[in-house]
Amino acid sequence: MLDLKLLRTDPDLVRRGWQDKGAPVDLDSILVLDAERRSILTQAETLKARRNQASANIAAMRRAKDLAAAEEAAAQTRKLGQDIKELDSRLAEISSQLEALLLEVPNLPHASVPRGADDRANVEVSRWGQLPSFEFDPLPHWELAQRLDIIDFERASKVAGTRFALLKGPGALLERALINFMLDLHTTEHQYVEIFPPFMVNREAMVGTGQLPKFEEDMFRVVNNGMFMVPTAEVPVTNIHRDEILGHDQLPRYYAAYSACFRAEAGASGRDTRGLIRNHQFNKVELVKFTRPETSYDELERLTRDAQVVLERLGLPYRTVCLSTGDMSFASAKTYDLEVWLPSSNAYREISSCSNFEEFQARRANIRFRPEPGARPEYVHTLNGSGVAVGRAMAAILENYQNADGSVTVPEALRPYMRGLASMQR
């Protein structure tokens, strides 16, 4: 959520930011409602002050035994009370309408973000790793997994439907190894505190991080209790501090969390329907930061680096891309994508997004801090990034580490988590 004061004082900046993001928001309607809300608030406060003064006068009249005047004044005060009630009702209605509009508006892009309508304007920042060279025709990960008998897509479909995966044997072990490897790396070397969050959250949590109300069709909702399955651990972990004021010495805070993630992918029909790239359920290790505003962009660079280390330890070639305004998410002010190399696609594919939301989520979730003891609370800046998506990491390992005999070499970093297994064989 954006600061209403910014919308009032610099509407041209706001319009440009939304235009750069390709968001056709009607700022004029928001400003009209805001002006009406402030006008009604002023009227209500004026009438309440008059009522308070009238009540004091009535008390003085009654002490002076001027009962007729007191009764006449009391009748006028009752009329003031009715007028105030009507204004308060209208104020609540206007405030509700205004909040609903504000929840639908995107964050503004940071000045350093490349401007452009879509991913063609993204800017490559760096590349790491040597692309694999095969003396045979490499297979896509879903064919490799089926030949190795480590993923059963057919039985997963029987159990749950399309876009699910059933991992077994070394495949299940590899999934678990990746999760444990990532959590150990982030908690021991990168100084994150491990969180194991709920996999269901309430509506307030989804609103707080920006998934609702705009993206409700992409979420899985639990019908009997109104809860939502988490689309990412970002949601429960960011909401840990909802409606809290952190002390001046409590920032920054770094959290790392594994969760299963659930996404309806309502707008993704026909894309990546095979394999592990775009499933309804997948595993991910998420990194979340709460920081002071003045350090948040340095923290974004460090968070991105923490995710990069995962891919480097796994020996997976990747590139880092700064997303353009037209390719950014609704809530982000700046995002770096890490894209891992997939030989089957002959292309880099996203495996992590690392974003700074500035105070956008903190305003929605009311997360503040005191810059100094006794100081007025300010909104924190929130950041998060995948550290990294587990299913896509598995797909990348299968494809990049495949051998001519159909086996797949296990990256050295994972072998301690794989009971020493160095290769997955047919």
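Notes on the structure in this doc start here.

## A word on the overall build of the protein
Then, in step 1: The helix and strand tally for the protein stands at twelve helices and 17 strands.
Then, in step 2: Counting across all 426 residues of the protein, residues that qualify as buried make up 49%.
Then, in step 3: A separation of at least 24 residues holds for 73% of the contacts in the protein among residues at least 6 apart in sequence.
Then, in step 4: When the accessible surface of the protein is totalled, it reaches about 20100 Å², and 48% of it is carbon and sulfur.
Then, in step 5: Across the protein, the 53 positively charged side chains and the 59 negatively charged ones have centroids separated by 4 Å.

## Digging into the sheet that holds strand β10 (residues 318–322)
Then, in step 1: Pairing is mixed in the open sheet, where eight strands are placed in the order β1-β10-β11-β12-β15-β9-β8-β4. Looking at the sheet topology across the chains shown, the edges are occupied by β1 (123–128) and β4 (193–195). Here the average twist between neighbouring strands, direction ignored, is 25°.
Then, in step 2: Both strand β12 (residues 347–356) and strand β15 (residues 381–389) contribute to a ladder of three bridges, which runs antiparallel. Across the sheet, Cys-354 pairs through a bridge with Gly-385, a residue of β15.
Then, in step 3: Docked against the sheet, helix α7 (residues 170–188) engages β4, β8 (253–262), β9 (281–291) and β15, running at close to 10° with respect to β9.

## So, the sheet that holds strand β13 (residues 367–369)
Then, in step 1: Judged by pairing direction, the sheet is mixed, and its three strands sit side by side in the order β7-β13-β14 without closing on themselves. Of all the strands in the sheet, the pair left with one neighbour each is β7 (244–246) and β14 (378–379).

## Quick notes on the pattern of salt bridges
Then, in step 1: Under the counting rule described, the total for this entry stands at 26 salt bridges.
Then, in step 2: The residue Arg-155 makes a salt bridge to Asp-152 at a minimum N-O spacing of 2.8 Å.
Then, in step 3: By relative accessible area, which is 49% here, Arg-155 ends up partly exposed.
Then, in step 4: Beyond isolated ion pairs, a larger network of salt bridges with shared partners links Arg-8, Asp-34, Arg-37 and Arg-38.

## Topic: the nonpolar core
Then, in step 1: Leu-178, Met-182, Ile-351, Val-388, Leu-398, Leu-414 and Met-424 are the most contacted members of the largest nonpolar core, which has 60 residues in total.
Then, in step 2: Not counting chain neighbours up to four residues away, the residues in contact with Val-388 comprise Met-182, Lys-284, Val-285, Ala-307, Val-310, Leu-311, Ile-351, Ser-352 and Ala-393.
Then, in step 3: Leu-2, Ile-30, Ile-40 and Ile-94 belong to the second-largest nonpolar core, a separate cluster that totals 37 residues.

## Considering helix α10 (residues 296–313)
Then, in step 1: With 18 residues, α10 should reach 26 Å at 1.5 Å per residue; the first-to-last C-alpha distance of 26 Å fits that figure.
Then, in step 2: Of the positions making up α10, those classed as buried are Ser-296, Glu-299, Leu-300, Leu-303, Thr-304, Asp-306, Ala-307, Gln-308, Val-309, Val-310 and Leu-311.
Then, in step 3: Of the residues one or two after α10, Gly-315 is the one with positive phi, at around 70°.

## Some details on the side chain of Ser-324
Then, in step 1: Looking at the secondary structure, you find Ser-324 in the loop between β10 and β11 (334–342).
Then, in step 2: In this structure Ser-324 comes out as buried when scored by relative accessible area, which is 0%.
Then, in step 3: Discounting residues that sit within four places of it in the chain, Ser-324 has contacts with Val-113, Pro-114, Gly-116, Asp-118, Ala-121 and Asn-122.

## Thoughts on the packing of aromatic side chains
Then, in step 1: Within the structure shown, the criterion is met by eleven aromatic pairs.
Then, in step 2: Taking the centre distance of 6.3 Å and the plane angle of 70° together, the rings of Phe-181 and Tyr-417 count as edge-to-face. Taken as a pair, Phe-181 in helix α7 and Tyr-417 in the loop between β16 (408–409) and β17 (423–424) lie far apart in primary sequence, 236 residues in all.
Then, in step 3: Ring geometry for Phe-330 versus Phe-360: centroids 5.7 Å apart, planes at 75°, classification edge-to-face. In this pair, Phe-330 is assigned in the loop between β10 and β11 and Phe-360 in helix α11 (residues 360–365), connecting sequence segments 30 residues apart. Comparing Phe-330 with Phe-360 shows no difference in burial state: the two are buried.

## Describing unusual backbone geometry
Excluding glycine, residues mostly have negative phi values, and the peptide bonds linking residues are mostly trans.
Then, in step 1: For the bond from Leu-212 to Pro-213, the omega torsion is 5°, close enough to zero to count as cis.
Then, in step 2: Along the chain, Pro-213 turns up in the loop between α8 (203–209) and β6 (228–229).
Then, in step 3: Val-388 follows Gly-387 through a cis peptide bond whose omega is 10°.
Then, in step 4: Of note, Val-388 is situated in strand β15.
Then, in step 5: The phi torsion at Asn-366 lies on the positive side, around 55°, for a residue other than glycine.
Then, in step 6: Tracing the sequence through the fold places Asn-366 in the loop between α11 and β13.

## Comments concerning the packing of helix α2 (residues 11–20) against helix α3 (residues 27–63)
Then, in step 1: Viewed as axis vectors pointing N to C, α2 and α3 meet at an angle of 140°, and their least axial separation amounts to 11 Å. On the basis of their axis angle, the class for α2 and α3 is oblique. Remark: the crossing between α2 and α3 carries right-handed chirality. Residue-level contacts link Pro-11, Val-14, Arg-15 and Trp-18 of α2 to Leu-27, Asp-28, Ile-30 and Leu-31 of α3.
Then, in step 2: Each residue belonging to the contact of α2 with α3 can be placed in one class, and the counts come to six nonpolar, no polar and two charged.

## Quick look at the side chain of Ser-407
Then, in step 1: Here Ser-407 shows up in the loop between α12 (390–400) and β16.
Then, in step 2: Engagement of the side chain of Ser-407 in a polar contact is seen with the side chain of Asp-405, the distance being 2.6 Å.
Then, in step 3: Not counting residues up to four positions away in its chain, the partners in contact with Ser-407 are Leu-148, Tyr-401, Gln-402, Ser-423, Met-424 and Gln-425.

About the cut-offs
Residues numbered from 1 in each chain as written. Predicted model: local features only at pLDDT ≥ 70, side-chain atom pairs only at ≥ 80, totals over all residues. Heavy atoms only, no water. Helix = DSSP H or I, 4+ residues; strand = E, 2+ residues; numbered from the N terminus. Buried < 20%, exposed > 50% of the residue type's maximum accessible area, 1.4 Å probe, protein only. Contact = heavy atoms within 4.5 Å. Areas by Shrake-Rupley, 256 points an atom, 1.4 Å probe, with all protein chains shown as cover. Lys, Arg positive; Asp, Glu negative; His and termini not counted. Charge placed at Lys NZ, Arg CZ, Asp CG, Glu CD. Pairing = 2+ DSSP bridges. Axes fitted to C-alpha atoms, helices over the stretch in contact; angles between N-to-C directions. Salt bridge = Lys/Arg side-chain N within 4 Å of Asp/Glu carboxyl O. Core = buried A, V, L, I, M, F, W, Y, C linked by side-chain atoms within 4.5 Å. Expected span 1.5 Å × (residues − 1). Phe/Tyr/Trp six-rings, centres within 6.5 Å; stacked < 30°, edge-to-face > 60°. Parallel < 35°, antiparallel > 145°, perpendicular 65-115°, else oblique. Left-handed = near helix turned anticlockwise from the far one by under 90°. Nonpolar A, V, L, I, M, F, W, Y, C, P; charged D, E, K, R; others polar. Polar contact = N/O pair within 3.5 Å; in protein donor to acceptor, adjacent residues only side chain to side chain.

In short, the description is geometric, and any link to function would need to be established separately.
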